[in-house]
Amino acid sequence: MDHGTHHLGTTHDHAAPADGHAHGATWATAMKATLHCLTGCAIGEILGMVIGTALMWGNVPTMALAIALAFVFGYSFTLFAVVRAGVSLKAAVKVALAADTVSIAVMELVDNGIIALTPGAMDAHLSDGLFWYALLGGFAVAFAVTTPVNKWMIGRGKGHAVVHAHH
């Protein structure tokens, strides 16, 4: 198959703006996909931070748990939606991995980078405003950075475009 040929032999010009007509890569679609990802990531990350902090773990194990749970919850949101749409569990896992891996990875890298670079945030406790400001600020920056990444991926038939094929 020719690199510029897709979908039953129709040809697309790769120099054309990625307005998303073929794959729905509008800013609204990208924001929705990013918000979906952020919701799962936030639940997992907050849960991991709360557990690690409550158990008085160090920064590294707490952050590792938070990141692991962000991936688990991020994938699970897509996984459950795709299974609910009638896709087998095995196929749904492949869809979730294809749809969310880059989005979650970018989000976690940015969010945790913000937390790590915010003076005092890594040593803040759950009752400290700094803990929550750094965490929520990190989510906001991660959303702003990840949305264009998702728009680019959806415009190329990747990321959350894979999920839309199953709805």
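Look a little higher up for the structure.
One structure accompanies this document, and this report is about it. (Residues numbered from 1 in each chain as written. Predicted model: local features only at pLDDT ≥ 70, side-chain atom pairs only at ≥ 80, totals over all residues. Heavy atoms only, no water.)

## Brief notes about the overall build of the protein chain
Link 1 in the chain: Tallying secondary structure elements over the protein chain gives five helices and two strands in all.
Link 2 in the chain: Put simply, the protein chain runs from its N terminus to its C terminus through helices and strands in the order β-β-α-α-α-α-α.
Link 3 in the chain: Evaluated residue by residue, the protein chain yields a buried proportion of 37% over its 167 residues.
Link 4 in the chain: For the protein chain, the proportion of contacts with a sequence separation of at least 24, taken over those separated by at least 6, is 68%. (Helix = DSSP H or I, 4+ residues; strand = E, 2+ residues; numbered from the N terminus. Buried < 20%, exposed > 50% of the residue type's maximum accessible area, 1.4 Å probe, protein only. Contact = heavy atoms within 4.5 Å.)

## Let's talk about the environment of D100
Link 1 in the chain: The topology assignment puts D100 in helix 3 (residues 89–117).
Link 2 in the chain: For the pair formed by D100 and L79, sequence separation is 21 residues and the distance between their alpha carbons is 10.0 Å.
Link 3 in the chain: Non-local contacts of D100, meaning those with residues more than four positions away in its chain, are made with G74, Y75, T78 and H160.

## Some words on the nonpolar core
Link 1 in the chain: Counting residues in each nonpolar core, the largest one holds 26 residues, and the members touching the most others are C41, M49, M107 and I115.
Link 2 in the chain: Going through the elements one at a time, helix 1 (27–54), helix 2 (59–84), helix 3 and helix 4 (129–155) are the ones with two or more residues in this core.
Link 3 in the chain: The leading source of residues in this core is helix 3, at seven residues.
Link 4 in the chain: Those residues in contact with M49 that sit more than four places away from it in its chain are T62, M63, A66, N112, I115, L126 and F131. (Core = buried A, V, L, I, M, F, W, Y, C linked by side-chain atoms within 4.5 Å.)

## A look at the environment of M31
Link 1 in the chain: Inspection of the secondary structure assignment puts M31 in helix 1.
Link 2 in the chain: Not counting residues within four places of it along the chain, the set of residues in contact with M31 comprises F143 and T147.

## With respect to the packing of helix 1 against helix 2
Link 1 in the chain: For the pair helix 1 and helix 2, interaxial distance at closest approach is 7 Å and the crossing angle is 150°. At the point where helix 1 passes helix 2, the crossing takes the right-handed sense.
Link 2 in the chain: Here the contact of helix 1 with helix 2 is composed, by residue class, of twelve nonpolar, ten polar and one charged. (Axes fitted to C-alpha atoms, helices over the stretch in contact; angles between N-to-C directions. Left-handed = near helix turned anticlockwise from the far one by under 90°. Nonpolar A, V, L, I, M, F, W, Y, C, P; charged D, E, K, R; others polar.)

## Comments concerning the packing of aromatic side chains
For any two aromatic rings, the description comes down to two numbers: the centre-to-centre distance and the angle of the planes.
Link 1 in the chain: By the definition in use, this model includes two aromatic pairs.
Link 2 in the chain: With centroids separated by 5.8 Å and ring planes inclined at 50°, the aromatic side chains of F71 and Y75 adopt a geometry described as tilted. One end of the pair, F71, and the other, Y75, are both in helix 2, four residues apart, so they sit about a helical turn from each other.
Link 3 in the chain: We classify F71 as partly exposed; its relative accessible area is 22%.
Link 4 in the chain: Aromatic side chains F131 and W132 sit 4.8 Å apart centroid to centroid with 80° between the ring planes, which places their arrangement in the edge-to-face category.
Link 5 in the chain: On the accessibility criterion, W132 (29% relative accessible area) is partly exposed. (Phe/Tyr/Trp six-rings, centres within 6.5 Å; stacked < 30°, edge-to-face > 60°.)

## Some thoughts on helix 2
One turn of the α-helix equals 3.6 residues, which is why residues spaced by three or four share an orientation.
Link 1 in the chain: With 26 residues, helix 2 should reach 38 Å at 1.5 Å per residue; the first-to-last C-alpha distance of 37 Å fits that figure.
Link 2 in the chain: Along helix 2, the residues classified as buried are T62, M63, A66, L69, A70, G74, Y75, S76, T78, L79, A81 and V82.
Link 3 in the chain: Positive backbone phi, at 100°, marks G86, one or two positions downstream of helix 2. (Expected span 1.5 Å × (residues − 1).)

## Details of the state of the cysteines
Link 1 in the chain: One pass over the full model with this rule turns up zero disulfides.
Link 2 in the chain: Just so you know, C37 is unpaired, no disulfide at all, and the nearest cysteine sulfur is the one on C41, 3.9 Å from it.
Link 3 in the chain: On the accessibility criterion, C37 (1% relative accessible area) is buried.
Link 4 in the chain: In this structure C41 comes out as buried when scored by relative accessible area, which is 0%. (Disulfide = S-S within 2.5 Å.)

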